Amino acid sequence: MNIVLPVIQDLQDAALAQALQRRIDRKTKPLGSLGRLERLALRLGLILGSESPRLAQPQLLVCAADHGLAARGVSAFPSEVTWQMVENFLAGGAAVSVLARQHGLALTVVDCGVKHDFLPAGSPDGARPGLLVRKVAPGTADCLESVAMSAEQCAQAIAHGQALVRALPGNCVLLGEMGIGNTSAASMLMARLLGRDIAHCTGAGTGLDAAGVERKTAVLRTVLQRHAQAQTPLQALAAFGGFEIATLVGVVLQAAGERRVLVVDGFITTAAVLVAQALAPHVAQRCVFAHRSGERGHAVMLDHLQAEPLLDLGLRLGEGSGAALAWPLLQSACLLLEQMASFASAGVSERA
């Protein structure tokens, strides 16, 4: 599998970190009194390489695709919900659509492999506002019978993600996804890459009951056994899918290489970061993790990535909804760093 990995350098910069911390500490407040917002401001400064980080033209990408494994009953919803929700995104009626409007986020939905044609063949980009078609195939194969995608398809999806970012303005990318069955793919990626038992990685997804989760776990265990030889990150990604996760891996790699801020949503987008981090070890330095999902296994993924999620609201919707909800915290962190007075400029006495 031939993919081009961008150069992703270590962001550790002691001089910049010291300058940022000094600036934070000199604001008119007791040391550390803004809590995790201070650490967020420091992180954003390090990602953007500036003592005065500014967030510009944030882009929210919702990557969508179908999964062949969905036919095995691993989701509470039928696979046609994927394309129906894409139409809902485009109509502005989904949760992420509402939140994107509220916070001024440019929302783009990417058809990475949905079993539905949203446009006539050959239609140019822009034929439907807010939609880009980068379809590798109409859904992955059933990974209980074969690999979800070929090595060539996996590489193509990753390349699509990289090209998407190269064409986007701004310095921030918020990650979202849609795909019935994609919590199964994320669970199997987690189990394989972290060496965890699948029972500890599998949750309710779109709302399975306890018996449904048990059935889902049994199916995923069989798939993992069938693809026991898929041990490297790219082998696992090709074996389990999906096209939207592979496209997000490309998005993450390219955005990290361009030193953009990556706002990671929930369980599925974190699985994409997990793969990208395994390919390029400094990827996670560019990430701000929006929230801790209610999906089983997400907390373990976050711990592995040494991530400090901003929110813990029991969310498990996906779509990029958690990333959109967390966005104002990033704005506040930067504005406080830029606009809050120092003790000296405000004429306020410092602590003795």
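Just so it is clear, the structure is predicted and the values come from calculations on it, not from any experiment.

A. The overall build of the chain, seen in detail. Looking only at helices and strands, the chain features 13 helices and six strands. For the chain, the C-alpha radius of gyration of 20 Å lies close to 20 Å, the compact-globule estimate for 352 residues. Dimensions along the principal axes, computed over C-alpha positions, put the chain at roughly 70 × 45 × 40 Å. Relative to its 352 residues, the chain shows a buried fraction of 54%.

B. Fine view of helix H1 (residues 14–25). With twelve residues, H1 should cover 16 Å at 1.5 Å per step; its first-to-last C-alpha distance of 16 Å lies within 8% of that length. By the burial criterion, the buried members of H1 are Leu16, Ala19, Leu20 and Ile24. Along the axis of H1, the buried residues cluster in a sector spanning 135°; they form a single face. Opposite its buried face, H1 presents the exposed residues Ala14, Ala15 and Gln18, each directed more than 90 degrees away. For H1, the N-terminal cap is Asp13; the gap from its side-chain oxygen to the backbone nitrogen of Ala15 is 3.3 Å.

C. Representation of the nonpolar core within the structure. In this structure, Leu175, Met188, Leu237, Val273 and Val283 are the most contacted members of the largest nonpolar core, which totals 70 residues. Not counting chain neighbours up to four residues away, the residues in contact with Leu237 comprise Met149, Cys154, Ile158, Leu189, Ile245, Ala246, Val249 and Val275. Counting residues in each nonpolar core, the second largest holds 47 residues, with Ile47, Val62, Val96 and Leu105 among its members.

D. Structural view of the environment of Ala290. Positionally, Ala290 belongs in the loop between strand E6 (287–289) and helix H11 (298–304). Along the backbone, Ala290 and Leu330 are 40 residues apart, and their C-alpha atoms lie at a distance of 9.8 Å. Ignoring any residue separated from it by four or fewer positions in sequence, one finds Ala290 in contact with Val263, Val264, Asp265, Pro309, Leu310, Leu311, Gly322, Ala323 and Ala326.

E. Quick peek at unusual backbone geometry. Look at the link from Gly241 to Gly242: it is a cis peptide, with omega at 0°. Counting through the fold element by element, Gly242 comes out in the loop between helix H8 (233–240) and helix H9 (243–257). In this structure, Gln57 takes a positive phi of about 45° despite not being glycine. With respect to the helices and strands, Gln57 occurs in the loop between helix H2 (36–48) and strand E1 (59–65). Phi at Glu319 is positive, roughly 75°, even though this residue is not glycine. Relative to the assigned elements, Glu319 resides in the loop between H11 and helix H12 (321–339).

F. Looking closely at helix H7 (residues 210–226). Relative to the 24 Å expected for 17 residues at 1.5 Å per residue, H7 spans 25 Å between its end C-alpha atoms, a close match to the ideal helical length. Every buried residue of H7 is accounted for by Gly212, Val213, Lys216, Thr217, Val219, Leu220, Val223 and Leu224. Taken down its axis, H7 places every buried residue within 165° of arc, on the same side. Exposed positions of H7 whose direction lies more than 90 degrees from the buried face are Ala210, Glu214, Arg215 and Gln225. Considering only its buried residues, H7 is in contact with helix H6 (182–194) and H8.

G. Region of the structure containing the pattern of salt bridges. Counted according to the given criterion, the structure contains twelve salt bridges. Here Asp111 makes a salt bridge to Lys135, at a shortest N to O gap of 2.6 Å. On the criterion of sequence distance, the pair formed by Asp111 in strand E2 (residues 106–113) and Lys135 in the loop between strand E3 (131–133) and helix H5 (151–166) is long-range, its members being 24 residues apart. A relative accessible area of 2% places Asp111 in the buried class. The exposure class assigned to Lys135 is partly exposed, which follows from its relative accessible area of 23%. Linked through salt bridges whose partners overlap, the residues forming this network are Arg36, Arg39 and Glu308.

Rules behind the numbers
- Residues numbered from 1 in each chain as written.
- Predicted model: local features only at pLDDT ≥ 70, side-chain atom pairs only at ≥ 80, totals over all residues.
- Heavy atoms only, no water.
- Helix = DSSP H or I, 4+ residues; strand = E, 2+ residues; numbered from the N terminus.
- Rg over C-alpha atoms; globule rule 2.2 N^0.38 Å.
- Buried < 20%, exposed > 50% of the residue type's maximum accessible area, 1.4 Å probe, protein only.
- Expected span 1.5 Å × (residues − 1).
- Arc of directions from axis to C-beta.
- Polar contact = N/O pair within 3.5 Å; in protein donor to acceptor, adjacent residues only side chain to side chain.
- Core = buried A, V, L, I, M, F, W, Y, C linked by side-chain atoms within 4.5 Å.
- Contact = heavy atoms within 4.5 Å.
- Salt bridge = Lys/Arg side-chain N within 4 Å of Asp/Glu carboxyl O.

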